[in-house]
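Architecture and fold: a report
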Amino acid sequence: STSTSTSTSTSTSTSSSTSTSTSTSFSTSTSTSTSSTSSSSPSTLTSSSSSTSTSTSSSSSTSTSTSTSSSTSSSTSTSTSSSSSTSTSTSTSSVFEMSSHPFNVDFGESGYEVDYFGVVQGHDNPIRYSTAFQAETIILTARYNSIQPCLAECDSILECAGVYIRVLTEEELECRLLNNLGEGLATGTESVSLRKLIVTTTPTTTTSTTTTSTTTTSTTTTPFPAVALPMDFQPYFELTYVGIVPGNSGEALQFDIVRAQDTLDVSVSRCFFLCNSQQYAYCIGVHFERNLLDGENPYLCNLVSEIGNDPLPSTVASYSYSRRVMTTTSTTTTTISSTSTSTST
């Protein structure tokens, strides 16, 4: 809002005053004094005195005073006032009540420590990891309906330093595994940033005067199941790349999938069968990737119709199978029969 006000005031004042004063004073004073003294005694004394005094005073005074005063005053005042006010208010509320919130758990029991909460009831100053949306620090992005699968996935990957979990809907959470947690950054998401605690096993030694015992605790992790090519389909497919799977001592790779026409939650055998059928004639390969959702099968079946020339690094348990190009040999036999009839007379 801008307001401009201009005020101009001019005042002219002229004053003229003339004063004339005339004063005349005339004073006459006459004083007569007579004194007579008589005494009767053997000697006669007579005294007589007479005195007359006359005084005349005259005074005349004339005074003239002229005063002229002229005053001119001019005043111009300009006032400009500019006021600009912008107010932006963004309010993000949680889709959960705190009592039933998926973040309302003891993360310490799972081996994680809360660094930051986002927009969550009971927590002011929403913060998240600054690296949560940086491609070079994200190991894996997946969606779950609970927190535990996300934490279990981070546990299975050595370089996973922590996770960023945000609420998408009342039934779906997004999980991001991070190899670098960065620092705190203000956020408007309903989220939690968790640091994986490094668990070390320390031998416990008990010493007495006679015996010494050492106890070591170790944890065994059950590997994720492998994908084996069924014998019936070995003539039609060959294993091209493997990801992070048991027994893979080389580089973890997978197809550069330009287009996956269908993603199915089916068994391994069913997946190969469909790719080899006329119904899915476009299929040139099968990519199995660990099923991070609560599906019936440990791997998702991706029927691929277009693949890039070079493989990509794999960050999960995966298998990429190429469909063999089958050659068909066709033999054609042609029989020519000729009959000639000649009659002579």
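Residues numbered from 1 in each chain as written. Predicted model: local features only at pLDDT ≥ 70, side-chain atom pairs only at ≥ 80, totals over all residues. Heavy atoms only, no water.

Quick notes on the overall build of the protein chain
Heads up, the condition is: To qualify as a helix, a DSSP run of H or I must reach at least 4 residues; to qualify as a strand, a run of E must reach at least 2; elements of each kind are numbered from the N terminus. Exposure classes here rest on a 1.4 Å probe applied to the protein chains alone. A residue is buried below 20% of its type maximum, exposed above 50%, and partly exposed in between. Throughout, the Shrake-Rupley method with a 1.4 Å probe supplies accessible areas, and for residues the shown protein chains are the sole cover considered.
Counting secondary structure elements, the protein chain contains 2 helices and 18 strands. Across the 345 residues that make up the protein chain, the buried fraction comes to 27%. Total accessible area on the protein chain stands at roughly 23300 Å², and carbon and sulfur atoms take up 45% of it.

Some details on the pairing of strand β16 (residues 299–307)
Formally: The rule for pairing is simple: two strands pair if DSSP sees at least two bridges between them.
Looking at chain direction, strand β14 (residues 257–264) and β16 are connected through 6 bridges and run antiparallel. Bridged to Ile257 within β16 is Ile307.

Topic: the state of the cysteines
We apply this condition: Our working definition of a disulfide is a cysteine sulfur pair at a distance within 2.5 Å.
Scanning the entire structure with this criterion turns up 4 disulfides. The disulfide that involves Cys275 links it to Cys283, with 2.0 Å between the sulfurs. Its S-S torsion of about -95° marks the bond between Cys275 and Cys283 as left-handed, since a negative value means left-handed. Listing the disulfide partners of the protein chain by sequence rank of the bonded cysteines yields 1-4, 2-3, 5-8, 6-7.

Quick notes on the side chain of His287
Short version of the rule: Residues adjacent in sequence count toward polar contacts only when both atoms are side-chain atoms; beyond that, a polar contact is any pair of N or O atoms within 3.5 Å, and within protein one must be able to donate a hydrogen and the other to accept it. Residue contacts are counted whenever heavy atoms from the two residues lie within 4.5 Å of one another.
Along the chain, His287 falls in strand β15 (residues 285–290). Of note is the side chain of His287, whose polar atom sits 3.3 Å from the side chain of Glu289. When residues no more than four places from it in sequence are discounted, the contact partners of His287 are Gln254, Phe255, Ile257, Leu300, Cys301, Asn302, Val304, Ser318, Tyr319 and Ser320.

Section: the nonpolar core
Formally: Only buried residues count toward a nonpolar core, which is a set of Ala, Val, Leu, Ile, Met, Phe, Trp, Tyr and Cys residues joined through side-chain atoms within 4.5 Å.
Ranked by size, the top nonpolar core spans 25 residues in total, and within it Phe103, Val163, Ile165, Leu177 and Leu194 carry the most contacts. When residues of this core are traced back to their parent elements, those giving at least two are β3 (112–117), β5 (138–144), α1 (148–155), β6 (162–169), β7 (172–178) and β9 (191–196). With 4 residues, the top contributor of residues to this core is β5. The contact partners of Phe103, leaving out residues within four places of it in the chain, are Phe117, Val120, Ile147, Ile165, Val167, Glu190, Ser191 and Val192. In terms of nonpolar packing, the next biggest core, distinct from the first, is built from 22 residues, Leu229, Leu264, Cys271 and Cys283 among them.

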